[in-house]
Amino acid sequence: LEQAKDALRFVLERLNPADRFNILTFNDTIDTYAETLRSAERADEAEDFVDDLRADSGTNINGALLEALRLLPGERPELVIFLTDGQPTVGIQDPDTIIGNVSDAVTPSTRLFVFGVGDDVNTILLDTLAEENPPVEGRRAIVVLDNASWHKVKRLNWHHFQQEYLPPRSPD
């Protein structure tokens, strides 16, 4: 959980002023930081939400991904960064069904990035989600980190990540 919290803080600290965001937590239930997307100005408040996260039972991967995709308004290119440290254990657990559900829910403007943290993730499921829903045609976006390699992610150049995987911003 601490690695996931670090990853959330990492992203929140690097939001651009025009960015909008939300945070969903998932175990046996799915909870959101806010009911709608929030402006980057609210990132400090979201860090308090992250600080209060606690590990609970279960991992509802299917429900979390579908809820995240449902919250997106489809107004401009949108980015879903999915972090998990576990296997699907709640709700739909069959990897093929999860992959199909996500593929059906993803829109052409959605970029899905998949991060597995720790040593108890279903790498085949995460790799397939990244392969079937690439942020850029022909490029998968999956990173599976063990406990020893998380520090490497902190050195990523976030702006390079944005330039590589996201289309240029429109003026509106």
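Residues numbered from 1 in each chain as written. Predicted model: local features only at pLDDT ≥ 70, side-chain atom pairs only at ≥ 80, totals over all residues. Heavy atoms only, no water.

Draft legend 1. Region of interest: helix H2 (residues 43-51). Taken together, the buried positions of H2 are occupied by Ala43, Ala46, Glu47 and Val50. The arc that holds every buried residue of H2, seen down its axis, measures 110°, which confines them to one face. Against the buried residues of H2 lie helix H1 (2-12), strand E1 (20-21) and strand E4 (38-39). (Buried < 20%, exposed > 50% of the residue type's maximum accessible area, 1.4 Å probe, protein only. Helix = DSSP H or I, 4+ residues; strand = E, 2+ residues; numbered from the N terminus. Arc of directions from axis to C-beta. Contact = heavy atoms within 4.5 Å.)

Draft legend 2. Region of the structure containing the packing of aromatic side chains. By the definition in use, this model includes 3 aromatic pairs. With a centroid separation of 5.4 Å and an interplanar angle of 15°, the aromatic rings of Phe26 and Phe82 are classed as stacked. Of the two residues, Phe26 is situated in strand E2 (residues 24-26) and Phe82 in strand E5 (residues 78-84); the sequence distance between them amounts to 56 residues. Overall, Phe82 belongs to the buried group, its relative accessible area being 5%. (Phe/Tyr/Trp six-rings, centres within 6.5 Å; stacked < 30°, edge-to-face > 60°.)

Draft legend 3. Representation of the packing of H1 against H2 within the structure. Packing of H1 against H2 leaves a shortest axis separation of 10 Å and a crossing angle of 180°. What the angle tells us is that H1 and H2 run roughly antiparallel. Across the interface between the two elements, Lys5, Leu8, Arg9 and Leu12 of H1 pack against Ala43, Ala46, Glu47, Val50 and Asp51 of H2. Across the contact of H1 with H2, the residue classes break down as 5 nonpolar, no polar and 4 charged. (Axes fitted to C-alpha atoms, helices over the stretch in contact; angles between N-to-C directions. Parallel < 35°, antiparallel > 145°, perpendicular 65-115°, else oblique. Nonpolar A, V, L, I, M, F, W, Y, C, P; charged D, E, K, R; others polar.)

Draft legend 4. Seen up close, the side chain of Asn122. Residue placement: Asn122 occurs in the loop between strand E6 (110-117) and helix H5 (123-132). Overall, the relative accessible area of 17% leaves Asn122 in the buried class. A polar contact of 2.9 Å, which involves the side chain of Asn122, links it to the backbone nitrogen of Leu125. Excluding residues that lie within four positions of it along the chain, Asn122 makes contacts with Gly86, Gln87 and Pro95. (Polar contact = N/O pair within 3.5 Å; in protein donor to acceptor, adjacent residues only side chain to side chain.)

Draft legend 5. How the structure looks around the pairing of E6. Taken across its 8 residues, E6 has 8 buried, putting it largely inside the fold. The side-chain alternation of E6 yields two buried faces, one formed by Thr110, Leu112, Val114 and Gly116 and the other by Arg111, Phe113, Phe115 and Val117. As paired strands, E5 and E6 are joined by 7 bridges and run parallel to one another. Paired with Ile81 across the bridge in E6 is Phe113. (Pairing = 2+ DSSP bridges.)

Draft legend 6. Examining the pattern of salt bridges more closely. Across all of its chains, the model carries 5 salt bridges by this definition. Between Arg9 and Asp51 there is a salt bridge, and its shortest N-O distance comes to 2.9 Å. Of the two residues, Arg9 is situated in helix H1 and Asp51 in helix H2; the sequence distance between them amounts to 42 residues. With a closest N to O distance of 3.5 Å, Arg14 and Glu13 form a salt bridge. Judged by its relative accessible area of 26%, Arg14 falls in the partly exposed class. Through salt bridges that share partners, Asp6, Arg9 and Asp51 make up one connected network. (Salt bridge = Lys/Arg side-chain N within 4 Å of Asp/Glu carboxyl O.)

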